[in-house]
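Geometric and topological summary
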Amino acid sequence: MQRVLRLSLLSIALLLALAAAALLLAWMKFVPDDAEVARQVAAQAGQRLGTTVRIGSAHLRLWPQPTLVIEDASTSQPQPITIKRLVAQARLMPLLHGRLQLDDVLVDGAVLPQLSLRALHAAPAPAASAPGALQVERLDFRDVVWITRHGLPLEFSGNARFGPDWQLRDAEVLRPGVQPAARLLLTPQGEHRWKVELQVGGGSANGEVALRTGPDGAMALSGRLVPRDIDVAPALAGFKRHSALQGKASGQTTLSASGSSVGELARSLHTRTLFTVASPTLLHIDVDKAIRSFGQDRSGQTALLALAGQMDTQNGADGMVVQYSGLQARGQTFSASGHGTIANRRIEGELTVDLAGGLVGIPLRVSGPLSKPQVNVPARAVAGAAAGAAIGTVVLPGIGTAIGAGVGAAVGKLFGGGPGKPAPAR
């Protein structure tokens, strides 16, 4: 009896092994070789992205877990988007039913030029329920280099988790090796709402963002952040930019964006920040010296007692435009108010300076590339203000000095033919 039982078990085991082998052989017929995998991946990626995609090598293994490994992928563009290595782990059961459900995707080394990403004509992603729809649960990335529209490389690492239809659950993005730390953390606060924790420049900008989707698929992003004690110069240095200002900024920020895709949201992003700066210092200009020398000598720094204003940023087709308005600055010997715009790495701005000695309304114009802006003080404006101040002192002592200086500056601008033009001969 025992011998019969052993033979029966052995026969069952042998049949199971033969069945498994037959199943594996049958399955292997449907598993393409590496060259075919590379061809299929390149064709599908090119169709989705609207450009030719080249794959250096690709390999699909089924055991112990279905895993796709892609190396040296690139787009056919003047500045190609490249991925050094991508590893994607797929779930077995959805794969057997013709669906690609990915547990984890790792991007290890990539270069993403901003202008090349904008040039893609990506097809809309199908819904998760659609046949063959791609769904990723977790994305990890490291050594990813973002190339700005001006060619500045910025390195990033991080991770993100997604729900159905690519709904973002949480994410972490950081600039590796940057000190003080530059790190963004998003955690869920309810449906389509996230808590934002941003570390930059030794300070923080925490708050909340929300994303609404209309019946037509249009999306609207809104949010509020509270910047606190952000050291301006190190914060910009963490993104490889130089600052003309030193000090710790705090304030209130609102942000908004709209579009039918994530790319459109990013391109339409608008922020507005009301800010104050503690212990502010202008790093590349001595305002007193610039005024005394009519803009010919501005070398040095200017320590300020107070600085406040409003900063608006607007993304667009030609990059980000930064506008400053309602600027109010106060130094040891002067106070100033003004506005300015930064776009395409150039600055254009105007300040009106009031000197402690009674001269008011002196125009100070800043223009040129951010790396070396030019500061000009029209000589006629200073002379006009001085003349007005002298007249005011004779006619109306005290307050008359300030009134006369203002009148003198206004007259100087009126008859001076505009900024940078000499006054007409009399």
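Cut-offs and rules
Think of each chain on its own: its residues are numbered from 1, step by step along the sequence as written. Per-residue local features of the predicted model are confined to residues with pLDDT of at least 70, and side-chain atom pairs are confined, for both listing and counting, to 80 or more; whole-chain, interface and lining totals are unaffected and use all residues. Excluding hydrogens and water, the side-chain values take into account all heavy atoms of the structure. Comment: elements are numbered from the N terminus, with helices defined as DSSP H or I runs of at least four residues and strands as E runs of at least two. When accessible area is computed with a 1.4 Å probe and restricted to protein chains, residues below 20% of their type maximum are described as buried, those above 50% as exposed, and intermediate ones as partly exposed. Note on contacts: a residue pair is in contact if any heavy atoms of the two residues lie within 4.5 Å. Surface exposure here means Shrake-Rupley accessible area, sampled with a 1.4 Å probe, where a residue is shielded only by the protein chains that are shown. Here, expected helix span is obtained from the residue count minus one, scaled by 1.5 Å. Here a polar contact is recorded for every N or O atom pair within 3.5 Å, except that within protein the pair must consist of a potential hydrogen donor and a potential acceptor, and residues adjacent in sequence are included only if both atoms are side-chain atoms. Whether two strands pair depends on DSSP finding at least two bridges between them. Salt bridge, as used here: a side-chain nitrogen of Lys or Arg that lies within 4 Å of a carboxyl oxygen of Asp or Glu. To form a nonpolar core, buried Ala, Val, Leu, Ile, Met, Phe, Trp, Tyr and Cys residues must be joined to one another through side-chain atoms within 4.5 Å. Each aromatic pair joins two rings of Phe, Tyr and Trp (for Trp, the six-membered one) with centres within 6.5 Å, and gets the label stacked for planes under 30 degrees apart, edge-to-face for over 60, and tilted for any other angle. Consider the ring centre and the ring normal. A charge sits over the ring if Lys NZ or Arg CZ is within 6 Å of that centre and within 35 degrees of that normal. Confidence per residue, as judged by the predictor, is encoded in pLDDT with a range of 0 to 100.

1. Considerations on the overall build of the protein
- Secondary structure assignment for the protein yields nine helices and 20 strands.
- Each of the 426 residues in the protein was classed as buried or not, and the buried ones make up 35%.
- Sequence-distant contacts in the protein: of pairs separated by 6 or more residues, those separated by 24 or more amount to 42%.
- Split by element, the accessible area of the protein, about 24600 Å² in all, is 62% carbon and sulfur.

2. What about the environment of Leu305?
- Relative to the helices and strands, Leu305 resides in strand β15 (residues 302–314).
- For the pair Leu305 and Arg330, spaced 25 residues apart in sequence, the C-alpha separation works out to 5.4 Å.
- Residue contacts for Leu305: discarding those within four places in its chain leaves Arg330, Gly331 and Gln332.

3. Some words on helix α2 (residues 34–49)
- The end-to-end C-alpha separation of α2 is 22 Å, in line with the 22 Å expected for 16 residues at 1.5 Å each.
- Those residues of α2 hidden inside the fold are in contact with β1 (53–61) and β2 (67–75).
- A positive backbone phi angle near 80° is found at Gly50, which sits one or two residues after α2.

4. Here's the deal with the side chain of Asp170
- Note on placement: Asp170 falls in strand β7 (residues 168–174).
- Reaching out from Asp170, the side chain makes a polar contact with the side chain of Arg161 at a distance of 2.6 Å.
- If we ignore the near neighbours within four places in the chain, the residues touching Asp170 are Asn159, Ala160, Arg161, Leu186, Thr187 and Pro188.

5. A word on the pairing of strand β3 (residues 82–90)
- Looking at chain direction, β2 and β3 are connected through seven bridges and run antiparallel. Each residue of the ladder has a partner; that of Leu68, found in β3, is Ala88.
- From the end of β2 to the start of β3, which pair antiparallel, there are six residues.

6. Observations regarding unusual backbone geometry
- Look at the link from Gln179 to Pro180: it is a cis peptide, with omega at -5°.
- Among the secondary structure elements, Pro180 is positioned in the loop between β7 and β8 (183–188).
- Positive phi, close to 55°, is recorded for Asp143, a residue that is not glycine.
- Unusually for a residue other than glycine, Arg345 sits at a positive phi of about 65°.
- Looking at the secondary structure, you find Arg345 in the loop between β17 (334–343) and β18 (346–355).
- Looking at Arg345, the relative accessible area reads 37%, which means it is partly exposed.

7. A short note on the pattern of salt bridges
- Counted under the stated rule, the structure contains twelve salt bridges.
- When the shortest N-O distance is used, the salt bridge between Arg161 and Asp170 registers 2.6 Å.
- A salt bridge links Asp312 to Arg272, with the nearest nitrogen and oxygen atoms 2.7 Å apart. Here Arg272 lies in strand β14 (residues 270–282) and Asp312 lies in strand β15, a separation of 40 residues in the sequence.
- Overall, Arg272 belongs to the partly exposed group, its relative accessible area being 40%.
- Through salt bridges with shared partners, a single ionic network connects Glu155, Arg175 and Lys240.

8. Regarding the nonpolar core
- Grouped together as the largest cluster of nonpolar side chains are 24 residues, with contacts concentrated most on Val277, Val287, Leu307, Phe334, Val353, Leu364 and Val375.
- When residues of this core are traced back to their parent elements, those giving at least two are β13 (245–259), β14, α7 (287–292), β15, β16 (321–331), β17, β18 and β19 (362–369).
- Not counting the four nearest positions on each side in its chain, Val287 is found in contact with Leu282, Thr302, Phe334 and Leu364.
- In this structure, Ile70, Ala88, Val136 and Val144 belong to the second largest nonpolar core, which totals 19 residues.

9. A short note on the side chain of Thr67
- Structurally, Thr67 is set in strand β2.
- When sequence neighbours within four positions are dropped, the list of residues in contact with Thr67 reads His59, Leu60, Arg61, Val87, Ala88 and Gln89.

10. As for the environment of Phe141
- Of note, Phe141 is situated in strand β5 (residues 134–147).
- Given a relative accessible area of 18%, Phe141 falls into the buried group.
- Considering only alpha carbons, one finds Phe141 and Val105, 36 residues apart in sequence, at a separation of 8.3 Å.

11. A few points about the packing of aromatic side chains
- Tallying each qualifying case throughout the model produces zero aromatic pairs.
- Looking at Arg175, its charged tip hangs above the ring of Phe156, at a distance of 5.7 Å from the centre.
- Geometry around Phe239 places Arg175 over its ring, the cationic atom sitting 5.6 Å from the centre.

12. Description of the confidence of the model for the protein
- With 74% of its residues at a pLDDT of at least 70, the protein reaches an overall mean of 79.
- A low-confidence stretch, residues 1–29 (pLDDT under 50), is modelled with four contacts involving residues beyond four sequence positions or located in other chains.
- Contacts for the low-pLDDT stretch residues 391–405, under 50 throughout, to residues beyond four places or in other chains number 18 contacts.

13. As for the pairing of β19
- Buried residues dominate β19, accounting for six of its eight residues.
- Direction of pairing for β18 relative to β19: antiparallel, over a ladder of eight bridges. When the sheet's bridge partners are listed, Glu350 is paired in β19 with Arg365.
- Following β19, the chain reverses through four residues before pairing antiparallel with strand β20 (residues 374–376).

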